[in-house]
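Spelled out, the chains give:
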Amino acid sequence: MPVSVANSQVVYDAIKHADVKLVSALPETWLVHLIRMADEDPEMTLVRLAKEEEGVGVSAGAHFAGVRSVMLMQNHGFLQAINGIVGVSLLYKIPLLMLITDRGGFGEKDPWQTEGGKHTRPVLDALHIAHEDLTRPDEVEPRLAKAMALAQSSLSPVALLLGRDLMWEEPS
Amino acid sequence: MGGAELKRIDCLKAIYPELEECAVVTIMGAVAAELYSLGHRPNFFYLEHAMGLASSIGLGIALSQPSRKVVVIDGDGSVLMNLGGLTTLARSRPRNLVHLIFDNETLLSVGGGAPGGYRWFTTATSTGTDLAGIASAAGFPRARTVRELEDFAAAALDALKGHELSCIVAKVDAEMPKSFLMDLHMLENRFEFPRALQLAIKGRSE
């Protein structure tokens, strides 16, 4: 599978380094290794969601209990979770770090990914959710640490968009 | 629909003394107002929006503080908005979570003020949807429906003392609370709640 195992490990190590103890997730192709790593890590609690909006609640509960968490999803998962993000994370001022695999951009070959990818950044911007791209392995750990710092200090959602150049190894 | 003799407030009174050490997450509206009317505690969190996510918040707490009992006080309208959440609870199966659902077969708090009152908008439980049956089929090890106060009290106290994920659906009267007044800003509640949860844990480990 051309999903990058090495870079998935880099992202997972950065999650661990940010003192995250709980990951909630729905799978998508680019996330398979990351989810497997969380599943195989005895120190990590993996919550397998039925629908992404639940993850916003799970992360809020973890925050109340003093535990750091991240949500793993793709563009459509983010769009699915909007009501929870607005009604829990934004309304109640709760930190939420979202790692969104950024499908549908340049290089996308699956027609069905293209619409969700197109709308992710405009929706993040409309909600004033700070976001940055992750495209190179060397930027992953410092950027994820900074994203977590901002989520915790601003008590708000923050998004990192995991790009094709980071997650996918197939030559274009 | 309706005809149920069981009242939410009496159910809440029956479990109130047992909630002191628990993390309690309620939905908005009548449930929140009535629990608040019995006496607010900092370990009570009233989710004033985001219908369906009270149980997800409870799950996050239960997995993060396994030694604490978590009580989610939900309603039929909210649960129906997040039926998938029941499957997530069941597969995560936290042994310290009790899911109480007050089923009044209506969207009382959001629709009860309309002309015609609560009959204006019933939920699918009014036409036969069985939430305890759904929870059970989702994989809850314990799920049952109660219609009498004695049965509710016995089931709830048993679940609170037990160590198994439990769901109790109480078929209750679709009656407005005496007051919706809550003299507590949602953000004040939002900040006191984690302080109560985390202080107690720190205190215990010392």
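Fair warning: this is a prediction, and the values are worked out from it, not measured in the lab.

A few points about the overall build of chain B
Here is step 1: Secondary structure summary: chain B contains nine helices and six strands in total.
Here is step 2: Residues classed as buried in chain B amount to 56% of the 206 residues present.
Here is step 3: For chain B, the proportion of contacts with a sequence separation of at least 24, taken over those separated by at least 6, is 74%.
Here is step 4: Taken as a whole, chain B presents about 8,600 Å² of accessible surface, with 53% of it coming from carbon and sulfur.

Things to note about the pairing of strand 3 (residues 70-75) of chain B
Within a regular strand, the side chains alternate between the two sheet faces.
Residues and elements named next belong to chain B.
Here is step 1: When you tally the buried positions in strand 3, you get six out of six residues, the bulk of the element.
Here is step 2: Pairing between strand 1 (residues 23-26) and strand 3: four bridges, direction parallel. The partner of threonine 26 across the bridge, within strand 3, is isoleucine 73.
Here is step 3: In terms of strand pairing, strand 3 meets strand 4 (residues 97-103) through six bridges, oriented parallel. Bridge pairing links valine 70 to leucine 97 in strand 4.

With respect to helix 3 (residues 52-64) of chain A
Residue and element names in this part refer to chain A.
Here is step 1: In this model helix 3 runs 19 Å from its N-terminal to its C-terminal C-alpha over 13 residues, within 8% of the 18 Å that 1.5 Å per residue would give.
Here is step 2: With respect to burial, helix 3 is a largely interior element, 13 of its 13 residues being buried.
Here is step 3: Phi turns positive, to about 85 degrees, at glycine 66, one or two residues after helix 3.

A few points about the side chain of Glu192(B)
All names here are of chain B.
Here is step 1: As for its position among the elements, glutamate 192 is in helix 9 (residues 186-205).
Here is step 2: Here glutamate 192 occupies a buried position and makes no salt bridge, while the nearest side chain of opposite charge, arginine 195, is found at 6.3 Å.
Here is step 3: Side chain to side chain, glutamate 192 and asparagine 189 meet in a polar contact 3.2 Å long.
Here is step 4: The residues contacting glutamate 192, other than those within four sequence positions of it, are His40, Pro42 and Leu184.

Observations concerning the pattern of salt bridges
Residue and element names in this part refer to chain A.
Here is step 1: Applying the stated rule across the entire model yields 22 salt bridges over all chains.
Here is step 2: Note that glutamate 132 is salt-bridged to arginine 143, the shortest N-O span being 3.0 Å. Linking glutamate 132 in strand 5 (residues 130-134) with arginine 143 in helix 7 (residues 137-154), this pair joins segments that are 11 residues apart in sequence.
Here is step 3: Taking relative accessible area as the criterion, glutamate 132 reaches 41% and is therefore assigned partly exposed.
Here is step 4: Residues joined by salt bridges that share partners form a network here, namely Glu28, Arg103, Glu108, Asp110 and Arg164.

Quick notes on the sheet that holds strand 3 of chain B
All names here are of chain B.
Here is step 1: Strand order in the open sheet made by the six strands is 2-1-3-4-6-5, with parallel pairing throughout. Edge strands, defined here as strands with exactly one partner in the open sheet, are strand 2 (44-46) and strand 5 (142-146). Pairs of neighbouring strands in the sheet enclose a mean axial angle of 15 degrees, with direction left out of account.

Some remarks on the state of the cysteines
Here is step 1: If you walk through the whole model with that rule in mind, you get zero disulfides over all chains.
Here is step 2: A disulfide-free cysteine, Cys11(B) has its sulfur positioned 14 Å from the sulfur of Cys167(B), the nearest such atom.

Examining the sheet that holds strand 6 (residues 157-162) of chain A
Residue and element names in this part refer to chain A.
Here is step 1: Spatial strand order, 2-1-3-4-6-5: six strands in an open sheet with parallel pairing. Of all the strands in the sheet, the pair left with one neighbour each is strand 2 (45-48) and strand 5. Direction aside, the axes of adjacent strands within the sheet are offset by 20 degrees on average.
Here is step 2: Relative to strand 6, strand 4 (residues 96-101) runs parallel, the two being bridged by six bridges. Paired with threonine 101 across the strands is leucine 162, a residue of strand 6.

Rules behind the numbers
- Along each chain, residues carry numbers from 1 onward, in the same order as the chain's sequence is written.
- A letter from A marks each chain and a number from 1 marks each ligand, given out in the order of writing.
- Local features are withheld for residues below a pLDDT of 70 in this predicted model, meaning they are given only at 70 or higher, and side-chain atom pairs are given and counted only at 80 or more; totals for whole chains, interfaces and linings count all residues.
- To get the side-chain values, take all heavy atoms of the structure and skip hydrogens and water.
- Helical segments are the DSSP runs of H or I of at least four residues, strand segments are the runs of E of at least two, and each set is numbered from the N terminus.
- Only protein chains enter the accessibility calculation, which uses a 1.4 Å probe; a residue whose area is less than 20% of its type maximum is buried, one above 50% is exposed, and one in between is partly exposed.
- What makes two residues a contact is simply this: any of their non-hydrogen atoms within 4.5 Å.
- Values of accessible area rely on a 1.4 Å probe in the Shrake-Rupley scheme; residue burial ignores everything except the protein chains shown.
- Only strands joined by at least two bridges in the DSSP assignment are considered to pair.
- Given the number of residues in a helix, its expected span is that number minus one, multiplied by 1.5 Å.
- Neither His nor the chain ends is counted toward charge; the positive residues are Lys and Arg and the negative residues Asp and Glu.
- Salt bridge criterion: a side-chain nitrogen from Lys or Arg within 4 Å of a carboxyl oxygen from Asp or Glu.
- Contacts described as polar in this section are N or O atom pairs within 3.5 Å, which, within protein, must combine one atom able to donate a hydrogen with one able to accept it, while residues neighboring in sequence count only if both atoms come from side chains.
- Here an axis means a line fitted to C-alpha atoms, over the contact stretch when the element is a helix, while the angle between two N-to-C directions is reported on a 0 to 180 degree scale.
- A pair of sulfur atoms, both from cysteines and within 2.5 Å, is called a disulfide here.

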